[in-house]
Structure formats: C-alpha cells, structure tokens
Amino acid sequence: MSLNTNLQRIFFVLISLFATYSIAQESINTPATAEKGINLERNEAQTNPWIVLGGLAYHSCRDCGFRESNPGLALQWQSPWFEELTGLKNTRLTAGGYINSNDRKSLYAGAQWLPYSYGPIKLGLQAVVITGYLEATVTPVLLPLVSIETPHIGLDLYAVPKVSKVSAALFATLKVRF
C-alpha cells in the first residue's frame, strides 16, 4: 500500500472525527443551554492563531501524475490592523509553505475574507501570492473557500479552477489551535 493511500485514509479518519465533533458541539450548545447560562465553547480560543497542517488535493486530471498528498505548515491569524486598513470584517492573514502538486516547494502569504457563516461553517475567499507554480516566480491566486471550524480544530476546503496549464482541483487542509 502506498504512502499516499495511507495518508488519504488517515485524513479521511480525521475528517470523520472532526465532523462527529462538530455535530456534537452544535447539539450541546443549543439556545436552551444558552438560556441556562451554559456555554461549553471556549470563546477565548477563537482569537488564537490556527496552525495549518498540510493537505490533500484531488485533481480533475487523474492521469497527469499530480501529487495529491501535500505536507506543509502554515499559520492563520486575525489582525485588527488589517481589518482597519481594509474596512473588512471577518478577515485573517495567512502564511506558510508546503510541497505542491507539482512536487515543488511553495511558499505563500495573503489574506482570507470569510463574510458569511452559519454555525461552524464559514464561506469566503482567499487571496494569496504563491511560489512554485508555472514559470512565474510569484503567482497571485484568488480562491473560493469553505472553512468548517470548532474552537480547536478546523478544515479548509478550496476549489481551484482549471486555468491554462493548471488542472482543476479540490484542496483540503486540516488546522488546529490551542
């Protein structure tokens, strides 16, 4: 069994555990428990930075030899300065690196804007500049983003459209905070 298959299985188990935890949190923290003054979420954690672990990609071109296990490390954090500068609320700055689908090292820095939320689900965009793709030294990228978050664990899902020589892909990253 290949390392990629094992990593995909581990990632699937982590996603399953995350989904179970999210559903349990939502059923525990109901309006009825809030009326009684019971809140089991740890709100102070919401301002701590996220540690983003590598992710998994699924490419539309299944025969192109893309790497679909993408180890890496990054941070996401809230910045009152950035929100004041842009006038946007619900933003985060992000920076990190990973091994990309072309088996090259990529570094990136940018921002996320997540204006829509429903419970643990947030919707928005990520705008970053990234290295390691195409012939350009630095490539600007704007991607739709779905973030599913509990106070201490999260999952970011990105949709990469097909552009020129780039295969369309879905990309998922796991993140934690303490």
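Residues numbered from 1 in each chain as written. Predicted model: local features only at pLDDT ≥ 70, side-chain atom pairs only at ≥ 80, totals over all residues. Heavy atoms only, no water.

Draft legend 1. Quick look at a nonpolar patch on the surface. A cluster of nonpolar side chains, namely Leu88, Trp113, Leu125 and Leu142, defines an oily patch on the protein surface of about 330 Å² accessible area. For Trp113, the position within the fold is in strand 4 (residues 105-118). On the basis of relative accessibility, which here comes to 33%, the residue Trp113 falls in the partly exposed class. (Patch = residues over 30% accessible without salt bridge, like charges linked within 9 Å, V, L, I, M, F, W, Y side chains within 5 Å. Areas by Shrake-Rupley, 256 points an atom, 1.4 Å probe, with all protein chains shown as cover. Salt bridge = Lys/Arg side-chain N within 4 Å of Asp/Glu carboxyl O. Helix = DSSP H or I, 4+ residues; strand = E, 2+ residues; numbered from the N terminus. Buried < 20%, exposed > 50% of the residue type's maximum accessible area, 1.4 Å probe, protein only.)

Draft legend 2. View of the state of the cysteines. In the structure shown here, the tally under the stated rule is one disulfide. The side chain of Cys61 participates in a disulfide bridge whose partner is Cys64; the two sulfur atoms lie 1.6 Å from each other. Because the torsion about its S-S bond is 70°, the bridge between Cys61 and Cys64 counts as right-handed. Classification of Cys61 by relative accessible area gives partly exposed; the value is 25%. (Disulfide = S-S within 2.5 Å.)

Draft legend 3. Local environment of the confidence of the model for the protein chain. When the pLDDT values of the protein chain are averaged, the result is 82; 74% of them are 70 or greater. A low-confidence stretch, residues 38-43 stays under pLDDT 50, and its non-local contacts, those more than four residues away or across chains, total 10 contacts. (pLDDT = per-residue confidence, 0-100. Contact = heavy atoms within 4.5 Å.)

Draft legend 4. Quick look at the pattern of salt bridges. One pass over the full model with this rule turns up six salt bridges. Across the pair Glu68 and Arg62 runs a salt bridge, and its minimum N-O distance is 2.5 Å. Residue Arg62 is classed as partly exposed on the basis of its relative accessible area of 43%. Among the salt bridges present, the one from Lys175 reaches Glu149, with a minimum N-O distance of 2.8 Å. Remark: Glu149 occurs in strand 6 (residues 139-149) and Lys175 occurs in strand 8 (residues 169-176); sequence separation between them is 26 residues. Across the pair, exposure class does not vary: Lys175 and Glu149 are buried alike. Among the charged side chains, a network of salt bridges with common partners joins Arg92, Lys122, Glu149, Asp156 and Lys175.

Draft legend 5. Focus on the packing of aromatic side chains. Taken as a whole and assessed by the stated rule, the structure comprises four aromatic pairs. Their ring planes at 65° and their centres at 6.1 Å tell us that Tyr98 and Tyr108 sit as a pair that is edge-to-face. On the criterion of sequence distance, the pair formed by Tyr98 in strand 3 (residues 91-99) and Tyr108 in strand 4 is long-range, its members being 10 residues apart. No difference in accessibility class separates Tyr98 from Tyr108, as the two residues are buried. An aromatic cluster of at least three residues, connected via ring pairs, comprises Tyr98, Tyr108, Tyr158 and Phe171. (Phe/Tyr/Trp six-rings, centres within 6.5 Å; stacked < 30°, edge-to-face > 60°.)

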